[in-house]
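Here are the chains, one letter per residue:
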Amino acid sequence: MKLAYIISAYKNPEQLVRLVHTLDDGSTSFWVHVDKRTDDCLFHQMVCGLGDNSRVRFLPRHRCSWGGFGHVAATLEGINAIERSGADVDSVILTTGQDYPIKANDRINAFLADHAGAAFLEHFPLPHADWQNGGLDRIRAWHFRVMRRHVRIPPSAASPIGRRFPAGFTPFGGSSYWCLPRECVRYIQQMTQKNQALVRFFKYVDVPDEIFFQTVLLNSPYRELIVNDNLRHIDWKDPNAGSPAVLTTADFPTLAASPKLFARKFDVRVDAEILDMIDERLLGLT
């Protein structure tokens, strides 16, 4: 299996470098997006730390405010770059600089080879009971990010249903991160280039990275290939928090028992030892 990773990063340069080195089996390619809001010094450290690897490419940078369209734009940059490059890739994995594998590269490759053609993407139709107001307020109101502020313009009294979802599409939501076969990635690229109206609509959706790719693929000819699994161990200790818990050494037994390929999220500023434990005990690295 030839894999390509699109990695979204914004801090901890040494953690990004470690992630790439761990995943690099000599045939894997990496397409790295660094938040435009990241300090230039940190960005320089990332580039220098990975500059000797010809399989690493840095993408044009977008501002990635939490809940804004920047995350989708960055991912589309990665998809477009992979397609333009003509790289020989079987599967594309979208991840972050704070993810880490909990299975060795040969096991990741074997799993994806055994499931060749499958798309791993968590998904559910909207409205969804676990999302506030079923998630419909994310798409019916106008959402703007202005000077790090979230501005929401609700449906008007004259039009209580709010914005109309693009014709021909039913909304789906789910986790932001996925593993897709090349044909699905190529479909996303071609469809978004042809349907700019859909892209424009999502520029004003709240947290669109949890809706955009699900909506595109669950309304596509590839919907029967989608497995409802993002292949990640994630711990939402606080279901009301805006992000999952940072994993530490206390979580190692759970990670060791997990059938997932990856876990998130980690932070070397909080606990670096957990990555050492994963390397030694799960990945067989020294």
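Above this note sits the structure.
Notes on the structure follow. Keep in mind that this is a model prediction, so the values were computed, not measured.

## Considering the layout of surface pockets
Right, so step 1: Estimated volume of the largest pocket: approximately 1400 Å³.
Right, so step 2: Of all the elements in the fold, those that place two or more residues in the lining of the largest pocket are strand 1 (3-9), helix 5 (136-140), strand 9 (149-153) and strand 13 (232-234).
Right, so step 3: Reported here for the second largest pocket is a volume of approximately 220 Å³.
Right, so step 4: Lining the second largest pocket are Arg 63, Ser 65, Gly 67, Gly 68, Phe 69, Gly 70, His 143, Phe 144, Arg 145, Lys 203, Tyr 204 and Val 205.

## Describing the state of the cysteines
Right, so step 1: Counted by the stated rule, this structure contains 0 disulfides.
Right, so step 2: Cys 179 takes part in no disulfide bond, and the closest cysteine sulfur, belonging to Cys 184, lies 10 Å away.
Right, so step 3: Overall, the relative accessible area of 3% leaves Cys 179 in the buried class.
Right, so step 4: A residue is classified by how much of its surface remains accessible, and Cys 184, at 0% relative accessible area, is buried.

## Brief notes about empty space enclosed by the protein
Right, so step 1: Summed over the entire model, instances satisfying the criterion amount to 1 cavity of 30 Å³ or more.
Right, so step 2: Around the largest cavity, the lining residues are Ile 6, Ile 7, Ser 8, His 33, His 71, Ala 74, Thr 75, Leu 94, Ser 176, Tyr 177 and Asp 209.
Right, so step 3: Sorting the residues of the lining of the largest cavity by element identifies strand 1 and helix 3 (70-85) as the ones contributing at least two each.
Right, so step 4: In the lining of the largest cavity, the residues fall into 5 nonpolar, 5 polar and 1 charged.

## A word on the pattern of salt bridges
Right, so step 1: This model, assessed by the stated rule, comprises 15 salt bridges.
Right, so step 2: Close ionic contact of Arg 182 with Glu 83 constitutes a salt bridge, the shortest N to O distance being 2.6 Å. Linking Arg 182 in helix 6 (residues 182-194) with Glu 83 in helix 3, this pair joins segments that are 99 residues apart in sequence.
Right, so step 3: Arg 182 gets classed as buried once you look at its relative accessible area, which sits at 9%.
Right, so step 4: Take Glu 83: its relative accessible area is 14%, and that puts it in the buried class.
Right, so step 5: Asp 206 serves as the salt-bridge partner of Arg 145, at 3.0 Å between the closest nitrogen and oxygen.

## Observations concerning the nonpolar core
Right, so step 1: Counting residues in each nonpolar core, the largest one holds 43 residues, and the members touching the most others are Ile 79, Val 92, Trp 178, Leu 180, Ile 188, Phe 202 and Phe 213.
Right, so step 2: Secondary structure elements with two or more residues in this core: strand 1, helix 3, strand 4 (91-96), helix 5, helix 6, helix 7 (196-202) and helix 8 (212-218).
Right, so step 3: The greatest single-element share of this core, amounting to 6 residues, is contributed by helix 3.
Right, so step 4: Look past the residues within four positions of Phe 213 in its chain and what remains in contact with it is Val 72, Thr 75, Leu 76, Ile 79, Leu 121, Trp 178 and Ile 188.
Right, so step 5: Ranked by size, the runner-up nonpolar core spans 37 residues in total, among them Leu 3, Val 34, Leu 50 and Met 277.

## Description of the packing of aromatic side chains
Right, so step 1: All told, the structure shown has 16 aromatic pairs when counted by the stated rule.
Right, so step 2: For the ring pair Trp 142 and Phe 144, a centre distance of 6.4 Å and an interplane angle of 10° mean the geometry is stacked.
Right, so step 3: Here Trp 142 falls in the partly exposed class, since its relative accessible area comes to 37%.
Right, so step 4: Pairing Tyr 187 with Tyr 222 gives two aromatic rings, centres 5.6 Å apart and planes at 65°, and the pair type is edge-to-face. With a gap of 35 residues between them, Tyr 187 in helix 6 and Tyr 222 in the loop between helix 8 and strand 12 (226-227) connect regions that are remote in the sequence.
Right, so step 5: A relative accessible area of 23% places Tyr 222 in the partly exposed class.
Right, so step 6: An aromatic cluster is defined as three or more aromatic residues linked by ring pairs; in this entry it consists of Phe 165, Trp 178, Phe 201, Phe 202, Phe 212 and Phe 213.
Right, so step 7: In this arrangement the basic side chain of Arg 138 is found over the ring face of Trp 131, its NZ or CZ atom lying 3.7 Å from the centre.

Conventions we followed
Residues numbered from 1 in each chain as written. Predicted model: local features only at pLDDT ≥ 70, side-chain atom pairs only at ≥ 80, totals over all residues. Heavy atoms only, no water. 1 Å grid on protein atoms, 1.4 Å probe; cavity = no way out; pocket = protein on both sides within 12 Å on 5 of 7 lines; lining within 4 Å. Points joined across faces, edges and corners; volume = space filled by probe spheres on them. Helix = DSSP H or I, 4+ residues; strand = E, 2+ residues; numbered from the N terminus. Disulfide = S-S within 2.5 Å. Buried < 20%, exposed > 50% of the residue type's maximum accessible area, 1.4 Å probe, protein only. Nonpolar A, V, L, I, M, F, W, Y, C, P; charged D, E, K, R; others polar. Salt bridge = Lys/Arg side-chain N within 4 Å of Asp/Glu carboxyl O. Core = buried A, V, L, I, M, F, W, Y, C linked by side-chain atoms within 4.5 Å. Contact = heavy atoms within 4.5 Å. Phe/Tyr/Trp six-rings, centres within 6.5 Å; stacked < 30°, edge-to-face > 60°. Lys NZ or Arg CZ within 6 Å of the ring centre and 35° of its normal.

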